[in-house]
Amino acid sequence: MKEIEIEKRMAQNFFILDNIISKEQNFKIYNQLVNTPSWHLSSFSDTKNNFESNVAGFPGFTVEDNDVSSHHYYSGYFHALIEFIKTKFQQEFNFSLPREIRRIRLGAKNSKSETVFHTDNNDPLDWSILGFLTPVWKLEDGGEVRIEQEKINYKPGRFILFKSHLLHNGGYIKNNNLNYWRISLNIVLCEKTSKKI
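Residues numbered from 1 in each chain as written. Predicted model: local features only at pLDDT ≥ 70, side-chain atom pairs only at ≥ 80, totals over all residues. Heavy atoms only, no water.

Details of the pattern of salt bridges
So, point 1. Applying the stated rule across the entire model yields eight salt bridges.
So, point 2. For the salt bridge of aspartate 65 with arginine 105, the shortest nitrogen-to-oxygen distance reads 3.5 Å. Residue aspartate 65 is located in strand E3 (residues 58-65), and its partner arginine 105 is located in strand E5 (residues 100-109); the two are separated by 40 residues in the primary sequence.
So, point 3. Accessibility expressed as a relative area gives 29% for aspartate 65, which makes it partly exposed.
So, point 4. Note on arginine 105: relative accessible area 31%, which makes it partly exposed.
So, point 5. One salt bridge connects arginine 103 with aspartate 120, and the closest N-O pair in it is separated by 3.3 Å. One end of the pair, arginine 103, is in strand E5; the other, aspartate 120, is in the loop between E5 and strand E6 (127-132), and 17 residues separate them in sequence. (Salt bridge = Lys/Arg side-chain N within 4 Å of Asp/Glu carboxyl O. Helix = DSSP H or I, 4+ residues; strand = E, 2+ residues; numbered from the N terminus. Buried < 20%, exposed > 50% of the residue type's maximum accessible area, 1.4 Å probe, protein only.)

Written as C-alpha cells, this is what we have:
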C-alpha cells in the first residue's frame, strides 16, 4: 500500500512547500542579493544561446555549477537551505530527493523580462527546486510559474519541486510599476553517478 502511494506521488508534476523561510529571513536574503555585485545581465532560460536570447536576457547569478562555487557565502547558505527542504519534503511526501547538487542559480526579472518554456536538464533522475525570494508580491503582479499545463502562483517563500526534464516557464510580470525584482532561486539535484566529471 505504501509503495502504491509513493508511486502515485511520484507521478505528480510538482510539489509545493510553503513558508520554508520566514518573512524576516526573506527580506534579509533579498536585500543581500540585490546588493551583491555578482549578477550578470545576459542570463537566459533557453539553452540555444543565440543572439535573440542574449538580447532578451535577464539578470542572473550562478552561485554554484558542478561543485564550482562562485560565491562561498551564498553556496553555504543555499546548501543549508537545500538540506532543510529535503528534510521537509521527506516528512511531507515520504520519499527522498537526490543527494547531490548539480547547480544553484538565481534569476531576477521585471515586466520587460520574457522567457520561453524550457527544461533544466534532460536526465529523468534530476529534480529541480524553484524558490521565490521576493518578500513582497501581489497576485495581480503576475510572475506565476507554469509547469507543463499547470500554473502555480508566485508567493514569497514558496518552493516548488519537480522533475528537471519537465517543461516550465516563469510567467510574465503584469505590473509595469514594480520597484523590486522578481527573484527566483533555481536548484538542480542529481544522483552522484549522473553528475558531470
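Picking up after the structure, the text goes on.
With respect to the packing of helix H2 (residues 23-34) against helix H4 (residues 72-93)
So, point 1. In contact at an axis separation of 13 Å, H2 and H4 are set at 155° when each is read in the N-to-C sense. In this view, H2 runs roughly antiparallel relative to H4, as classed from their interaxial angle. Of the two elements, H2 crosses H4, and the hand of that crossing is left-handed. Each of Gln25, Ile29, Gln32 and Leu33 in H2 lies in contact with H4, whose residues at this interface are Tyr73, Tyr74 and Tyr77.
So, point 2. A per-class count over the contact of H2 with H4 returns five nonpolar, two polar and no charged. (Axes fitted to C-alpha atoms, helices over the stretch in contact; angles between N-to-C directions. Parallel < 35°, antiparallel > 145°, perpendicular 65-115°, else oblique. Left-handed = near helix turned anticlockwise from the far one by under 90°. Contact = heavy atoms within 4.5 Å. Nonpolar A, V, L, I, M, F, W, Y, C, P; charged D, E, K, R; others polar.)

Digging into the sheet that holds strand E10 (residues 168-170)
So, point 1. With antiparallel pairing, three strands are arranged side by side in an open sheet as E8-E7-E10. The sheet terminates laterally at strand E8 (150-152) and E10, the two strands that pair on one side only. Across this sheet, the average inter-strand angle for adjacent strands is 20°, counted without regard to direction.
So, point 2. The pairing of strand E7 (residues 145-147) with E8 spans three bridges and is antiparallel. Paired with valine 145 across the strands is isoleucine 152, a residue of E8. (Pairing = 2+ DSSP bridges.)

As for the nonpolar core
So, point 1. Membership of the largest hydrophobic core comes to 32 residues, with the highest contact counts inside it found for Phe78, Leu81, Phe89, Leu106, Leu133, Leu161 and Leu185.
So, point 2. When near neighbours in sequence (up to four residues on either side) are disregarded, leucine 81 contacts Ile20, Ile21, Phe159 and Leu185.
So, point 3. Core analysis: the second largest hydrophobic core is formed by 12 residues, Leu130, Trp137, Val145 and Ile152 among them. (Core = buried A, V, L, I, M, F, W, Y, C linked by side-chain atoms within 4.5 Å.)

Notes on the side chain of lysine 86
So, point 1. Within the element layout of this structure, lysine 86 appears in helix H4.
So, point 2. Judged by its relative accessible area of 14%, lysine 86 is buried.
So, point 3. Here lysine 86 is in contact with Leu97, Pro98, Arg99 and Leu189, once residues within four sequence places are set aside.

As for the side chain of aspartate 120
So, point 1. With relative accessibility at 10%, the residue aspartate 120 sits in the buried group.
So, point 2. One polar contact links aspartate 120 to serine 128, side chain to side chain, over a distance of 2.7 Å.
So, point 3. Side chain to side chain, aspartate 120 and asparagine 186 meet in a polar contact 3.0 Å long.
So, point 4. In this structure aspartate 120 touches Arg103, Ser128, Phe162, Ser164, His168, Asn186 and Val188, once residues within four positions along its chain are discounted. (Polar contact = N/O pair within 3.5 Å; in protein donor to acceptor, adjacent residues only side chain to side chain.)

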